[in-house]
Each structure stands twice: as structure tokens, then as C-alpha cells.
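# Architecture and fold: a report
Spelled out, the chains give:
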Amino acid sequence: MERTVSEVARLAGVSVRTLRHYDAIGLLPPGRVAANGYRYYGRPELLRLQRILLLRELGVPLPSIMRILDEQDDEVTALEGHREQLLRERKRLDDVLGAVERTIAGLSGDETVADEEFFAGLNDARARLREELAERYGESAAKGFEKAVRETSGWTREDYERLGDEGRRLLLRMAAARDRGVLPDSAEGLELIEQHYLGVLEVWPATPTTYYGLADLLVENADQRAIVELVDAELPEWLAAGVRAYAVRRLGYVANEEETVRRSV
């Protein structure tokens, strides 16, 4: 049974624009194109789309997905491989979730969390963040983070809890502003973001480039997103947009063409 592009988009939960983009780059051509220009998709195309979406969920970029699919002709073997990847990712996320819950409990002043467990959760989160900083921005950003960690090595649990309390109060003010319809790149929004920036500088010597990049971490890094979502589930995207706007307007960061296009898609 063949389906139109609109039907496939509705079934898969993607936009028609996405399917047309996949067709344009050769990732998912339709089974046939009628004389009137309508695209039709059959079972092979739907199975390929399923694999594309699975790989996208795993964070694989589109060029790599195209190479993977072109190299794998056996659908069952390919899907078994995707299954193994998903199982590994689930285990990783379970580990991350446990550490995040411990860290949040500690930063929230939960007295049932022992100091040893509090700092264990904090160190686990730091290690993951350091790894992600290195992967995204290179070793120089990761070394800057290590330097900041060393400079706060004398902090007590009370110091971290104070910082956590201040951060939560700021996030609550941001959530209230978002509820009132304040845009993150408005004058009021940027004033709130400035306080976030100054707070970041207390624990990490962020440059305009790395502060701009922090927006992605706020949305994509499980630890960072969980802390913001604890206040407001819809706040991470608002905060990320504000961070990017602040980096550009107040810190002089210049987004390159690739970033601009990526944000507009």
C-alpha cells in the first residue's frame, strides 16, 4: 500500500518539510513520483524512515545515517544493531538519571543525602560535563572547566547549596517572566540572562563562544536540563534562546552561517 507524503508525515510524527528535505539530500527518496508531482511511499521507504528516526533519536547526524543505511542491506541485522545501541543508551541514561537525582537532592538541601553521596553525585556530574565540553568545544574549554573546579575545591556543601538556592531563585524569576510572555531576547529577558551569565562566571570562565555553546548543553545535557526542568519543564528552551541572544548582543559572539541555518530548521 502506497501513502502520500502527508500521510507518512502524520504516521511518523514528522513534518512534510522534513520528508522533502530527506528526499532532497537523497536520504529518503519516495518510492515513486506521479506525473502530477505527488510523492508516494511504500513499505521499503517506511522501513527506511523508521531506521532514520531511530538513528536520529540516538543523535546520529544525517550524513552518517545515510552512510550507515547505504552500508547495511539486511534490515533485520540493521535493526538488531539499532536495538543494541538503544539498550546501551538506556543504561547510560539510567546511570545519568541516578546521578542527577542525587545531585538535585543534595543541592535542594535534602538532609537524607550524606555528604559523601552528595559530593559523589557532584563529581560524577562534573566528569560527564567535562567530557562533553571536550567533545563539543575542544580540550581548551575542558581545561578551563578543570581550572574552575580546582578554584572551588575548598567549597563546602553549604557553599554549593547556597549557589543552588541562588540559581533556583533566578530560574523561578525566569519561569515567571516566561509565563508572562516575556521573550528571552527582550530587554527584560536579557537582564535575567545577565544574572545567569554572572552566575556561570562564578564557577566557569566562559568565553563568548563557550557561553553561546552552553545553550545546547542546557537543552541536550541530561544533568543541566534536569536542574532547569525541576523549576519549569518548559524553561530549558527559553533559557537556551536567551543565552544565545545574550552571547550575540552583549558579549559580541558572531554565529557562523552553519549555526544560523541549523537554528532556523
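It should be noted that the structure appears before, not after, this text.
These numbers were taken from a predicted model, which means no experiment stands behind them. Positions within a chain are numbered from 1, following the residues in the order the chain's sequence is written. For this predicted model, a pLDDT threshold of at least 70 governs which residues receive local features, and a threshold of 80 or more governs which side-chain atom pairs are given and counted, while totals over whole chains, interfaces and linings are taken from all residues. Computation of side-chain values: all heavy atoms of the structure, hydrogens and water removed.

Helix numbers and strand numbers start at the N terminus; a helix is a DSSP run of H or I with at least 4 residues, a strand a run of E with at least 2. Counting its regular elements, the protein contains 13 helices and 3 strands. Residues classed as buried in the protein amount to 38% of the 265 residues present. Throughout, a contact is declared for two residues whenever any of their heavy atoms are within 4.5 Å. A separation of at least 24 residues holds for 61% of the contacts in the protein among residues at least 6 apart in sequence. Accessibility throughout is a Shrake-Rupley quantity obtained with a 1.4 Å probe, and a residue counts as covered only by protein chains that appear here. For the protein, the exposed surface amounts to about 15200 Å²; the carbon and sulfur share of it is 53%. When a residue's accessible area, from a 1.4 Å probe over protein chains only, is under 20% of the maximum for its type it is buried; when over 50% it is exposed; and in between it is partly exposed.

Helix length check: helix 7 (residues 139-151), at 13 residues, gives a terminal C-alpha distance of 18 Å against a target of 18 Å (1.5 Å per residue), a fit within 8%. Considered for burial, the residues of helix 7 that qualify are Ala-141, Ala-142, Gly-144, Phe-145 and Ala-148. For helix 7, the buried positions fall inside an angular range of 155° around the axis, keeping them on one side. The exposed residues of helix 7 that point more than 90 degrees off its buried face are Ser-140 and Arg-150. Working rule for helices: expected span equals 1.5 Å times residues minus one. Here the arc refers to the directions that run from the helix axis out to each C-beta atom.

Any two of the Phe, Tyr and Trp rings considered here, Trp counted by its six-membered ring, make a pair once their centres fall within 6.5 Å; the pair's planes then place it as stacked at under 30 degrees, edge-to-face at over 60, or tilted in between. Per the stated rule, a full pass over the model turns up 4 aromatic pairs. Ring geometry for Tyr-197 and Tyr-246: centres 5.4 Å apart, planes at 40°, overall tilted. With a gap of 49 residues between them, Tyr-197 in helix 9 (residues 187-203) and Tyr-246 in helix 12 (residues 235-249) connect regions that are remote in the sequence. Note on accessibility: Tyr-197 and Tyr-246 belong to one class, buried. Through a chain of ring-to-ring contacts, the aromatic side chains of Tyr-197, Tyr-211 and Tyr-246 assemble into a single cluster. Lying over the aromatic face of Tyr-40, Arg-32 brings its terminal NZ or CZ to 4.5 Å of the ring centre. Criterion for a charge above a ring: Arg CZ or Lys NZ at most 6 Å from the ring centre, at most 35 degrees from the ring normal.

All right, on to the side chain of Arg-225 then. Relative to the assigned elements, Arg-225 resides in helix 11 (residues 222-229). Within 3.5 Å is the distance limit for a polar contact, defined as a pair of N or O atoms, with the added protein rule that one can donate a hydrogen and the other accept it, and that residues adjacent in sequence qualify only through two side-chain atoms. Looking at Arg-225, its side chain comes within polar contact range of the side chain of Glu-229, at 2.7 Å. Looking at Arg-225, its side chain comes within polar contact range of the side chain of Glu-237, at 2.9 Å. With residues up to four places along the chain from it excluded, the contact list for Arg-225 reads Leu-218, Val-219, Ala-233, Pro-236 and Glu-237.

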